[in-house]
Amino acid sequence: MKGWKEIPEGGLILNPGNSINYKTGSWRSRKPIRDEEKCIHCLVCWAYCPDGSIIIEDEKVIEINYDFCKGCGICANECPKEAIIMELEK
Ligand code: SF4
Ligand code: SF4
């Protein structure tokens, strides 16, 4: 880790396209868990996730990318089938 004297003033991030390098999932205190039995693949969670962490394939939810999911809980709030619960991180 660079010290405060080596980083740009104000903590600016000047190199574009670098978000892939920052595993923001490490900020998470709660983890969304999807119940495959309840999920109807309406993709509402995918549409609302601010971090693009709901992974879909062939118009179906296949997994949650925990490297980047910050645990905001929006997907759980918006799911019409209550198919996502938020668990405390261990
Ligand atoms: S919002 Fe709920 S029911 Fe819809 S795809 Fe997501 S988890 Fe499944
Ligand atoms: S908890 Fe937030 S960041 Fe994580 S998958 Fe749900 S909406 Fe996306």
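Residues numbered from 1 in each chain as written. Chains lettered and ligands numbered in written order. Predicted model: local features only at pLDDT ≥ 70, side-chain atom pairs only at ≥ 80, totals over all residues. Heavy atoms only, no water.

### Focus on the site of ligand 1
So, step 1. The environment of ligand 1 is made up of Arg 34, Cys 39, Ile 40, His 41, Cys 42, Leu 43, Val 44, Cys 45, Val 61, Cys 79, Pro 80 and Ile 84.
So, step 2. Each residue belonging to the shell around ligand 1 can be placed in one class, and the counts come to 10 nonpolar, one polar and one charged. (Near = heavy atom within 4 Å. Nonpolar A, V, L, I, M, F, W, Y, C, P; charged D, E, K, R; others polar.)

### Section: the site of ligand 2
So, step 1. Lining the immediate environment of ligand 2, one finds Pro 32, Cys 49, Pro 50, Asp 51, Ile 54, Ile 64, Cys 69, Lys 70, Gly 71, Cys 72, Gly 73 and Cys 75.
So, step 2. For the shell around ligand 2, the residue count by class is eight nonpolar, two polar and two charged.

### Topic: a negative patch on the surface
So, step 1. On the surface, Glu 57, Asp 58, Glu 59 and Glu 63 cluster together to form a negatively charged patch.
So, step 2. Within the secondary structure layout, Glu 59 lies in the loop between strand E2 (54–57) and strand E3 (60–64). (Patch = residues over 30% accessible without salt bridge, like charges linked within 9 Å, V, L, I, M, F, W, Y side chains within 5 Å. Areas by Shrake-Rupley, 256 points an atom, 1.4 Å probe, with all protein chains shown as cover. Salt bridge = Lys/Arg side-chain N within 4 Å of Asp/Glu carboxyl O. Lys, Arg positive; Asp, Glu negative; His and termini not counted. Charge placed at Lys NZ, Arg CZ, Asp CG, Glu CD. Helix = DSSP H or I, 4+ residues; strand = E, 2+ residues; numbered from the N terminus.)

### Looking at the pairing of E3
The side chains of a regular strand alternate between both faces of the sheet.
So, step 1. Note that E2 and E3 share four bridges and pair antiparallel. Bridge pairing links Ile 54 to Ile 64 in E3.
So, step 2. The turn linking E2 back onto E3 is made up of two residues, and Asp 58 within it adopts a positive phi angle of 50°. (Pairing = 2+ DSSP bridges.)

### Topic: the nonpolar core
One broad trend across soluble globular proteins is that nonpolar side chains are buried collectively.
So, step 1. Leu 43, Cys 45, Cys 49, Ile 54, Val 61, Ile 64, Cys 69, Cys 75, Ala 76, Ile 84 and Met 86 form the largest nonpolar core, which has 11 residues in total.
So, step 2. Within the residue set of this core, elements represented by two or more residues are E3, helix H2 (74–78) and strand E4 (84–88).
So, step 3. Not counting residues up to four positions away in its chain, the partners in contact with Ile 84 are Pro 32, Ile 33, Arg 34, Cys 45, Cys 75, Ala 76 and Cys 79. (Core = buried A, V, L, I, M, F, W, Y, C linked by side-chain atoms within 4.5 Å. Buried < 20%, exposed > 50% of the residue type's maximum accessible area, 1.4 Å probe, protein only. Contact = heavy atoms within 4.5 Å.)

### Quick notes on the side chain of Thr 24
So, step 1. Secondary-structure assignment places Thr 24 in the segment before strand E1 (30–34).
So, step 2. Within polar-contact distance, the side chain of Thr 24 engages the backbone oxygen of Phe 68 at 3.3 Å.
So, step 3. In this structure, Thr 24 is in contact with Asp 67, Phe 68, Cys 69 and Lys 70, ignoring residues within four places of it in sequence. (Polar contact = N/O pair within 3.5 Å; in protein donor to acceptor, adjacent residues only side chain to side chain.)

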